[in-house]
Amino acid sequence: KQEVTQIPAALSVPEGENLVLNCSFTDSAIYNLQWFRQDPGKGLTSLLLIQSSQREQTSGRLNASLDKSSGRSTLYIAASQPGDSATYLCAVIQFGGQFYFGTGTSLTVIP
Amino acid sequence: GAGVSQSPRYKVAKRGQDVALRCDPISGHVSLFWYQQALGQGPEFLTYFQNEAQLDKSGLPSDRFFAERPEGSVSTLKIQRTQQEDSAVYLCASSFGQSRETQYFGPGTRLLVL
């Protein structure tokens, strides 16, 4: 079974700082990898989806990279803002359609 | 509707009670998924429907859990004889086509079993 790990579990940074969230997975035979944001009491919001043939995706201040062979993905957030405070989840999507989520990184951006 | 909706948003049940959780997917979405998210954990897959067909129920933790989507739209997740370990947030997601496409999540139902 695919195992997805996210490090760190929690992160607190001052506003304006750049930061990196890490995701690792044990089975490199993945179809896609997706990063989500989860706010308290709310569902998941998709941030970026990287297909297995891609190395990275960018959206605004967010950049996600994927290294399938080493089983790693990173989410880079530039110039962090208090509104970025949330839990960030990565999910790997297998060829059979199964989604496996990590346990998340809880981010707090201090004004 | 504009997004995936779930009801109720919160449910408190006494141990042994049966509960039913509802999911309204985005109109026209073929695939529907249920996940269980325990406190401090990521969501864990429970079951998947394509239209009315339940194609994968490998994640259902016991035979007390049952899901249906009889007309290929609204889905209900039923938990019989609830136990304290069933306390979690139950998330529903839908996608337009195949299971591998981007999923859109509802706000979840927070279940507390006392």
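Residues numbered from 1 in each chain as written. Chains lettered and ligands numbered in written order. Predicted model: local features only at pLDDT ≥ 70, side-chain atom pairs only at ≥ 80, totals over all residues. Heavy atoms only, no water.

(A) Region of the structure containing the packing of aromatic side chains. Tallied over the entire structure, the rule returns twelve aromatic pairs over all chains. Taking 4.9 Å as the distance between ring centres and 15° as the angle between the ring planes, the aromatic pair formed by F33(B) and Y48(B) counts as stacked. One end of the pair, F33(B), is in strand 4 (residues 31-37); the other, Y48(B), is in strand 5 (residues 44-50), with 15 residues separating them in the sequence. Among the residues examined, F33(B) registers a relative accessible area of 1% and is labelled buried. Linked through ring pairs, F36(A), F99(A), F101(A), F33(B), Y35(B), F45(B), Y48(B) and F105(B) together constitute an aromatic cluster. (Phe/Tyr/Trp six-rings, centres within 6.5 Å; stacked < 30°, edge-to-face > 60°. Helix = DSSP H or I, 4+ residues; strand = E, 2+ residues; numbered from the N terminus. Buried < 20%, exposed > 50% of the residue type's maximum accessible area, 1.4 Å probe, protein only.)

(B) Structural context of the interface of chain B and chain A. Listed by partner, the interface residues are 19 residues for chain B and 23 residues for chain A. Both sides of the chain B and chain A interface together cover about 1400 Å² of buried area, and 53% of this is carbon and sulfur. Our enumeration of links across chain B and chain A arrives at zero salt bridges. Inspection of the region where chain B meets chain A yields one residue pair in polar contact (both at pLDDT 80 or more). Those elements that provide at least two residues to the side of chain B that touches chain A are strand 4 and strand 5 of chain B. Of the residues contributing to the side of chain B that touches chain A, the split by class is six nonpolar, eight polar and five charged. (Contact = heavy atoms within 4.5 Å. Buried area = accessible area lost by both parts, 1.4 Å probe. Salt bridge = Lys/Arg side-chain N within 4 Å of Asp/Glu carboxyl O. Polar contact = N/O pair within 3.5 Å; in protein donor to acceptor, adjacent residues only side chain to side chain. Nonpolar A, V, L, I, M, F, W, Y, C, P; charged D, E, K, R; others polar.)

(C) How the structure looks around the layout of surface pockets. Approximately 560 Å³ is the volume attributed to the largest pocket. Q38(A), Q37(B), L39(B), G40(B) and R110(B) are, among the 29 residues lining the largest pocket, the residues nearest its centre. Taken together, the elements giving at least two residues each to the lining of the largest pocket come down to strand 9 (86-94) and strand 11 (105-110) of chain A together with strand 9 (88-95) and strand 11 (109-113) of chain B. Looking at which element gives the most residues to the lining of the largest pocket, the answer is strand 9 of chain A, with three residues. For the lining of the second largest pocket, the secondary structure elements donating two or more residues are strand 10 (99-101) of chain A together with strand 5 of chain B. Here the element with the most residues in the lining of the second largest pocket is strand 10 of chain A; it accounts for three residues. A class-by-class count of the residues in the lining of the second largest pocket yields six nonpolar, eight polar and four charged. (1 Å grid on protein atoms, 1.4 Å probe; cavity = no way out; pocket = protein on both sides within 12 Å on 5 of 7 lines; lining within 4 Å. Points joined across faces, edges and corners; volume = space filled by probe spheres on them.)

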